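The lines below spell out each chain.
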Amino acid sequence: MSKRFAWLLGVVVLVSIGLLVACGTKYNPSSNGLVLVGSQGSALVESFGFDLSSGHISEISNPPSSTAGSTCVLPGVPSAMVMDPAGAYVYAIVTTNSACPQSQTGIISIKIKSDGTVATNGVGVSDPNPVALAMDSAGKYLFVAEGTNSDATAPNSAPCPGTTAQYGICVYAIGSGGALTPVPGNFTPPATGTLPDFVALAPTPTIFPPVPITGVQNGACSAPGTPAPTSQFLYVADQSNNNAVWEFGVDMATGTLTNPPGHDKVQIFPAGAEPNGIAVDTCNRFVYVGNLISNNVSAYTICNASSTAAATCPVLTGVSGGDGTLVPVASSPFSMPGSANGPGPMLVDPFGNFLYVVGTRSNTVSPFRITPVSGSITGQTNVATGLTPTAIAVRSDDSWLFVTDYGAATLSQYAVTPASGALTPETATTTDNYPWGVAVK
């Protein structure tokens, strides 16, 4: 090989590397979104930037091309994830694994840097048995479902940190630097006869989406000047023989779980067979529960003294903002559309117009249109996911939606049409093995 040719080849290689760096890793918050994926294959969190116009995805942190030999990167195996409203931190469940000697079970906070890379702060708290996460819309509190760790009689049970008596649902106040501080509860569990299995949870919003009302589609939840909700509730899907939704009150100032206003114990409402996912309408009107075995979605209106509250809501002395009772929507439960099967993870779009439900047994996502006054839902056209969809997230401007495909090691991506709720699939992105949680900025 001549020296001149070798020199030319070197220039070409350097230019190619430069293009890969520019196109593959650059992240600009003004023109790019950011999506984070928790992977169980290497126990790590990956970050990808994506063009807000085209959706084109670029690798940033821990891409599969550089983590094939990685193991035990995090102090535990990650699963569910949630991002704070500012996009500064992601919180993830991690669980101990015998293959990772230093692993623990708890909740970690992950800092999102300005360039889209991530830095793990370590185990924020050691939590007994975390299975699902949810955060209030103001980003003040983190709520954690504890599965079958429901009380002192459960096998290998342990109370929530910061308390000797609270089981089932743990709560943490979110502080500076992503720190988590346990919040003791003050509620009375009902006597059910069957230990609950809490698998999903969702709080009512404390603030509304910051968009003025412009009509039914893409409108805000209320007319300008209407105050934010003055009470908050937490709804939890119980997948055991109870087949129910539990309702807790939430002290908005401290995050403390309480009995619902006007009640001496936590309230329970019937759902379908094996509730597997839950979502609260971002406009504080409705609750939706996906029932795995009965393959349908239960819909409820929230008794919160709003214009959408049912006429059959209880009237309680001294309770001005409603007691959070759930009243079934007419014609509920609603069947999954087409061949969709096994409703699980779900969310309501940022403006309260559509419900998206993952079909865990059909590898699909099903959009439902929400009727604003009644809360009834109408199924739209299903879209395919990869094998074994596990988690779902939507960008706060309702532009892009993502689903992790646990069995395919891919991230499914969809462009959202806000007016119709339609999802347009993009090319799936390869992730590290066994992706679980997902969060988007």
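The structure this text deals with has already been given above.
Residues numbered from 1 in each chain as written. Predicted model: local features only at pLDDT ≥ 70, side-chain atom pairs only at ≥ 80, totals over all residues. Heavy atoms only, no water.

Engineer: Which parts of the structure should I look at to understand the sheet that holds strand β10 (residues 169-174)?
Structural biologist: Either a parallel or an antiparallel arrangement is found when strands of a sheet pair, and the pairing is made through backbone hydrogen bonds. With antiparallel pairing, the four strands of this open sheet are ordered in space as β8-β9-β10-β11. The open sheet has two edge strands, β8 (132-135) and β11 (180-182), and neither has a second partner. Between one strand axis and the next, the sheet turns by 30° as a mean value, whatever way the strands run. Pairing between strand β9 (residues 141-145) and β10: five bridges, direction antiparallel. Paired with Ala 145 across the bridge in β10 is Ile 169. (Pairing = 2+ DSSP bridges. Helix = DSSP H or I, 4+ residues; strand = E, 2+ residues; numbered from the N terminus. Axes fitted to C-alpha atoms, helices over the stretch in contact; angles between N-to-C directions.)

Engineer: Help me understand the sheet that holds strand β32 (residues 435-440) in this model?
Structural biologist: The strand order across the open sheet built from four strands is β3-β2-β1-β32, with neighbouring strands paired in antiparallel fashion. Among the strands making up the open sheet, the edge pair consists of β3 (57-61) and β32. Across the sheet, the mean angle from the axis of one strand to that of its neighbour is 30°, orientation sign disregarded.

Engineer: Explain the packing of aromatic side chains here, please?
Structural biologist: Given two aromatic rings, one states the distance between the centres and the angle between the planes to describe the pair. Here the structure, examined in full by the defined rule, presents nine aromatic pairs. Relative to Tyr 434, the ring of Tyr 406 has its centre 5.3 Å away and its plane inclined at 40°; by these criteria the two rings are tilted. One end of the pair, Tyr 406, is in the loop between β28 (400-405) and β29 (410-416); the other, Tyr 434, is in the loop between β31 (429-430) and β32, and 28 residues separate them in sequence. Ring geometry for Tyr 406 and Trp 436: centres 5.6 Å apart, planes at 85°, overall edge-to-face. Highlighted residues: Tyr 406 in the loop between β28 and β29 and Trp 436 in strand β32, separated in sequence by 30 residues. Clustering of aromatic rings is evident, with ring pairs tying together Phe 187, Phe 198, Trp 246 and Phe 248. (Phe/Tyr/Trp six-rings, centres within 6.5 Å; stacked < 30°, edge-to-face > 60°.)

Engineer: Is there a simple way to explain the pairing of strand β24 (residues 364-370) in this structure?
Structural biologist: In summary, the side chains of a regular strand alternate between the two faces of the sheet. Counting buried positions along β24 yields six of seven residues, so the element is predominantly enclosed. Note: strand β23 (residues 354-359) against β24, six bridges, orientation antiparallel. What sits directly across from Leu 355, in β24, is Phe 368. Where β23 folds back on β24, the antiparallel hairpin that results is connected by four residues, among which Asn 363 adopts a positive phi of roughly 55°. In this structure, β24 lies alongside strand β26 (residues 383-384), joined through two bridges in antiparallel fashion. From the neighbouring strand, Val 365 faces β26, where its bridge partner is Val 383. (Buried < 20%, exposed > 50% of the residue type's maximum accessible area, 1.4 Å probe, protein only.)

Engineer: How should I be thinking about the state of the cysteines in this particular structure?
Structural biologist: Disulfides are covalent bonds that link the sulfur atoms of two cysteine residues. Throughout the structure, instances matching the rule amount to three disulfides. Shown here is the disulfide that connects Cys 160 with Cys 170, its sulfur atoms set 2.1 Å apart. On the sign convention where negative means left-handed, the S-S torsion of about -90° between Cys 160 and Cys 170 marks this disulfide as left-handed. In this pair, Cys 160 is assigned in the loop between β9 and β10 and Cys 170 in strand β10, connecting sequence segments ten residues apart. Both residues of the pair, Cys 160 and Cys 170, count as buried. With a sulfur-sulfur separation of 1.9 Å, Cys 303 is cross-linked through a disulfide to Cys 313. Its torsion about the S-S bond being -85°, the disulfide of Cys 303 and Cys 313 is classed as left-handed. Here the residue Cys 303 occupies a position in the loop between β19 (296-302) and β20 (326-328), and Cys 313 occupies one in the loop between β19 and β20, the gap between them amounting to ten residues. (Disulfide = S-S within 2.5 Å.)

Engineer: Would you mind going over unusual backbone geometry with me for this structure?
Structural biologist: Residues Ser 332 and Pro 333 are joined by a peptide bond in cis, for which omega reads 5°. Structurally, Pro 333 is set in the loop between β20 and β21 (334-335). Of note, the phi angle at Ala 43 is positive, near 55°, even though the residue is not glycine. Position of Ala 43 among the secondary structure elements: in the loop between β1 (32-39) and β2 (44-51). What makes Ala 43 buried here is its relative accessible area of 2%. For Asn 363, which is not a glycine, the phi torsion comes out positive at approximately 55°. With respect to the helices, strands and loops of the structure, Asn 363 is situated in the loop between β23 and β24.

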